[in-house]
Amino acid sequence: MTAGRVDLHTHTTASDGTLPPRGLVVAAVKGGVRVLAVTDHDSTGGLADAMDEARAHPLEIVPGLEINCDVDGAEIHVLGYFMDYQAPWFQAFLAEQRVERVARVHRIAERLAELGMPIDAEEVFAIVKEGSAGRPHVAQVMVKRGYVKSVREAFDKYLRAGGPANAPRRRLAPADAVAVIRKAGGVPVLAHPGLANRDELIPALVEAGLMGIETYYAEHSAAQTRDYLELCRRHDLVPTGGSDYHGPQSGRANPLGSPAVPWESWEALRRRAGRA
Ligand code: AMP
Ligand code: ZN
Ligand code: FE
Ligand code: FE
């Protein structure tokens, strides 16, 4: 049975999205979304408001998050769904992740200074507020200072994996992110693998407990989507998908609820979490 759109990857002001959780829920309802996963970076801080707002709408919130890891020359992002996220040990883990994010902003600021583009880390944290700090916040300060014209330009020239101002994360390997999500009772899913171009790492992640691959993703080609579906079949993984929506003025244009994610994907994810 089909009952509206499914979007299993979105961000709010709890990380680097531009909409607060309640605003995201309202926008999702307008976009015809009926199942919405909120997957902020290293934070579940947006979930309470999103769930509360959703009570007034025909929309179900899936508790989630996204953990970004660095490997040699690339980034591996791991999504997690249905964790026992209120567990104190898990919140302590996320708090440590955010402390490392703050330290990383300082490291990036040092690199920018060396490149002749000084920024004040406090300016970055003023944009982050109580959320999870990340490169998009740094990029916004770079735009404000006139070093680049857009967030996208900041990434393409300086902040991308291997870029001259990027400072790699020090904490977590992708297999560790998978394991921590499993330990919290959640379903780990490899995010947008087509962006990383490191498919050779997938078998080891499956070994570590990976349960899905984000297959339906705006920046995946039709051929990539087909390949990841096949990979899911081969490894008995759930093919998920989502918009990776970051809100208006985020420098990312893909709308909520797009691309389409089959209702069956959502049902399979729920079954994997033992919530069917
Ligand atoms: P971080 O949390 O520091 O790893 O930053 C990751 C975030 O940066 C992603 O979730 C995207 O929102 C954003 N991002 C990555 N690449 C780009 C890009 N080329 N243009 C705009 N935003 C990007
Ligand atoms: Zn993001
Ligand atoms: Fe990501
Ligand atoms: Fe994301």
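I will try to describe carefully the structure that is included in this document. Worth saying up front: this structure is predicted, and the values here are computed from it rather than measured. (Residues numbered from 1 in each chain as written. Chains lettered and ligands numbered in written order. Predicted model: local features only at pLDDT ≥ 70, side-chain atom pairs only at ≥ 80, totals over all residues. Heavy atoms only, no water.)

## Here's the deal with the coordination of the zinc ion (ligand 2)
Within the first shell, the zinc ion (ligand 2) binds the protein through Asp16 (OD), Asp16 (OD), His41 (NE2) and His246 (NE2), at distances of 2.0 to 2.6 Å. For the zinc ion (ligand 2), the donor residues sit on a single chain with the sequence spacing D-x24-H-x204-H. Taken as a pair, the zinc ion (ligand 2) and the iron ion (ligand 3) show a spacing of 5.9 Å. Placement of His41 in the loop between strand 2 (33-38) and helix 2 (47-54) and of His246 in the loop between strand 7 (238-241) and helix 11 (263-272) is noted, with a sequence separation of 205 residues between them. Here the two residues His41 and His246 agree in accessibility, since each one is buried. (Donors = N, O, S within 2.8 Å, 3.2 Å for Na, K, Ca; no water. Helix = DSSP H or I, 4+ residues; strand = E, 2+ residues; numbered from the N terminus. Buried < 20%, exposed > 50% of the residue type's maximum accessible area, 1.4 Å probe, protein only.)

## Considering the site of ligand 1
The environment of ligand 1 is made up of 15 residues, and the closest members are Asn68, Arg101, Arg135, Arg169 and His246. The side chain of His41 places a nitrogen or oxygen atom 2.9 Å from an oxygen atom of ligand 1. For ligand 1, an oxygen atom lies 2.8 Å from a polar atom in the side chain of His246. Protein coverage of the free-state accessible area of ligand 1, which is 500 Å², stands at 89%. Ranked by residues supplied to the shell around ligand 1, first place goes to helix 6 (residues 151-159) with four residues. For the shell around ligand 1, a count of residues per class yields three nonpolar, four polar and eight charged. (Near = heavy atom within 4 Å. Polar contact = N/O pair within 3.5 Å; in protein donor to acceptor, adjacent residues only side chain to side chain. Areas by Shrake-Rupley, 256 points an atom, 1.4 Å probe, with all protein chains shown as cover. Nonpolar A, V, L, I, M, F, W, Y, C, P; charged D, E, K, R; others polar.)

## Digging into helix 6
Those residues of helix 6 lying buried are Val151, Glu153, Ala154, Tyr158 and Leu159. One side of helix 6 holds all its buried residues, which, seen down the axis, span an arc of 150°. In this fold, the buried residues of helix 6 make contact with helix 3 (88-114) and helix 5 (135-144). (Arc of directions from axis to C-beta. Contact = heavy atoms within 4.5 Å.)

## A word on the nonpolar core
Counting residues in hydrophobic clusters, the biggest one holds 42 residues, and the most contacted among them are Val25, Leu36, Leu59, Ile61, Ile67, Phe90 and Ile213. Not counting residues up to four positions away in its chain, the partners in contact with Val25 are Leu36, Ala50, Glu53, Ala54, His57, Leu59 and Ile61. Formed by 22 residues, the second largest nonpolar core is a distinct cluster that contains Met117, Val128, Val138 and Met142. (Core = buried A, V, L, I, M, F, W, Y, C linked by side-chain atoms within 4.5 Å.)

## Side note on the side chain of Asp40
On the secondary structure map, Asp40 appears in the loop between strand 2 and helix 2. For Asp40, the side chain forms a polar contact with the side chain of Ser15, separated by 2.6 Å. With residues near it in sequence (within four places) discarded, Asp40 still touches Thr10, His11, Thr12, Ala14, Ser15, Gly64, Leu65 and Glu66.

## Quick look at the packing of helix 3 against helix 5
A packed helix pair is summarised by two numbers, namely the angle formed by the two axes and the spacing between the axes. Relative to each other, helix 3 and helix 5 sit at 35°, their axes nearing to 10 Å. Here helix 3 and helix 5 pass one another in a crossing that is right-handed. Between helix 3, through Arg104, Val105, Ile108 and Leu112, and helix 5, the contact on the second element is made entirely by Arg135, Val138 and Met142. Classifying every residue of the contact of helix 3 with helix 5 by side-chain character gives five nonpolar, no polar and two charged. (Axes fitted to C-alpha atoms, helices over the stretch in contact; angles between N-to-C directions. Left-handed = near helix turned anticlockwise from the far one by under 90°.)

By themselves, these are just geometric observations and shouldn't be taken as functional.
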